[in-house]
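# Inside the fold
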Amino acid sequence: MNPYILATLLFGLGLGTTITFISSHWLLAWMGLEMNTLAIVPLMAQHHHPRAVEATTKYFLTQATAAAMLLFASVTNAWLTGQWDIQQMTHPLPITLITLALALKIGLAPVHSWLPEVLQGLDLTTGLILSTWQKLAPFALLLQIQPANSNILIAFGLASTLVGGWGGLNQTQLRKILAYSSIAHLGWMILVLQFSPSLTLLTLLTYLVMTFSSFLVFKLNNSTSINMLATSWAKAPALTALAPLILLSLGGLPPLTGFMPKWLILQELTKQDLAPTATLAAMSALLSLYFYLRLSYAMALTLSPNNLASTTPWRLHHLQPTLPLAVGIAATLLLLPLAPAAMALLTL
């Protein structure tokens with residue numbers, strides 16, 4: 001892709017998200033989300049592969065449906081209450097509709113079906129943008145309208161954690177596994193959204209860091225399926241040793257960074273007298289942990305039968321920069337000791 005066109009599209013992505021962040025009017029927020037969608041569509045279809053075009057079409061139709069629902073709900077809210085302000089949502093009907101529209105935007109269960117299919121059709125770089133940056137703007141809106149729709153949010157959250165766990169069990173494609181992982185993590189964030197918005201932000205931040213590291217590892221190894229992971233030991237042995245730790249951090253095992261948000265969320269849910277919900281969420285985390293362990297096993301404990309036992313690939317230099325990956329891995333593995341500081345910030 002022409003670098004000027006690429007720069008324009010990335011600028012559009014950033015501008016759309018920023019407009020949604022700063023808006024207090026529903027029309028401006030809707031416009032930011034539309035800019036976001038229109039900027040990423042050419043990035044998704046840039047390789048002209050049938051799978052990429054199919055994924056782009058599915059993504060566009062889904063996002064257009066969600067945007068239409070959002071616009072309809074905000075107009076309904078203005079009609080019922082006379083308010084266009086995002087903070088002034090009082091009527092339950094538009095609040096429910098907007099929550100559903102934003103859930104469709106980010107891929108929460110039960111309106112999640114598009115996300116694994118779309119992510120499977122993209123390359124890893126665009127998939128990384130879709131899994132991280134594209135979640136920010138809808139989350140900013142969810143955080144602003146969160147107080148009044150508690151039962152819906154808990155239902156969405158539990159459904160997402162369970163679907164994210166069950167859906168990833170039988171997958172062999174890494175991008176689909178990461179899509180179900182994304183659904184499960186979003187479920188954890190939505191569960192605690194109404195009780196502690198700052199904890200949701202902390203969870204979102206750790207999810208972004210861990211997903212960033214995972215995508216970069218797979219991109220560096222040029223892996224898109226579990227079988228391709230088995231050959232990665234000959235390409236980058238040090239990275240192959242660290243990759244299982246990144247995946248286990250995504251699964252939420254102590255003493256890695258991914259344990260911190262899950263621990264704090266379970267603590268908060270228990271404080272709110274939602275012990276059954278917390279138990280169900282914790283059990284669904286075990287499902288996710290299984291397929292992360294499967295990936296770790298394929299990467300670190302198996303040798304591909306058709307891989308030459310040669311040290312030549314070890315000496316090949318990668319053309320892509322490895323500093324972002326190094327920073328991401330350090331943050332993914334080593335931030336758990338900062339949990340007391342995070343808890344102090346959450347109580348401010």
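Our structure's up above, just so we're on the same page.
Keep in mind it's a predicted model, so treat the numbers as computed, not measured.

Time to look at the overall build of the protein. Scanning the protein for helices and strands turns up 16 helices and zero strands. For the protein, whose C-alpha radius of gyration is 20 Å, the value lies close to the compact-globule estimate of 20 Å for 348 residues. C-alpha atoms of the protein, sized along the principal axes, occupy 70 × 50 × 35 Å. Counting the 348 residues in the protein, one finds 53% classified as buried. In the protein, of all internal contacts separated by at least 6 residues, the share reaching a separation of at least 24 is 79%. Accessible surface for the protein amounts to roughly 15300 Å². Of this, 71% is attributable to carbon and sulfur atoms.

Our next topic: helix α7 (residues 133–145). Where burial is concerned, most of α7 is hidden: 11 out of the 13 residues are buried. Listed in full, the buried residues belonging to α7 are Gln 134, Lys 135, Leu 136, Ala 137, Pro 138, Phe 139, Ala 140, Leu 141, Leu 142, Gln 144 and Ile 145.

This next bit is on the environment of Leu 102. Structurally, the position occupied by Leu 102 is in helix α4 (residues 92–106). Taking relative accessible area as the criterion, Leu 102 reaches 0% and is therefore assigned buried. Sequence separation of Leu 102 and Pro 138 is 36 residues, and the distance between their C-alpha atoms is 5.7 Å. Leu 102 has contacts with Leu 70, Pro 138, Leu 141, Leu 142 and Ile 145, leaving out every residue within four places of it along the chain.

Conventions adopted
Per chain, the residues get numbers from 1 upward, laid out in the order the sequence is written. Since the coordinates come from a predicted model, pLDDT governs what is reported: local features require at least 70, and pairs of side-chain atoms require 80 or more to be given and counted, while whole-chain, interface and lining totals use all residues. In computing side-chain properties, one takes all heavy atoms of the structure into account and sets aside hydrogens as well as water. Strands here are runs of E lasting at least two residues and helices are runs of H or I lasting at least four, both read from the DSSP assignment and numbered beginning at the N terminus. Radius of gyration means the value over C-alpha atoms here, while the globule rule gives 2.2 Å times the residue count to the 0.38 power. Only protein chains enter the accessibility calculation, which uses a 1.4 Å probe; a residue is then buried when its area is under 20% of its type maximum, exposed when over 50%, and partly exposed in between. Only heavy atoms matter for contacts: two residues are in contact if any of them lie within 4.5 Å across the pair. Per-residue and other accessible areas were derived by the Shrake-Rupley procedure at a 1.4 Å probe size, with only the shown protein chains allowed to occlude residues.

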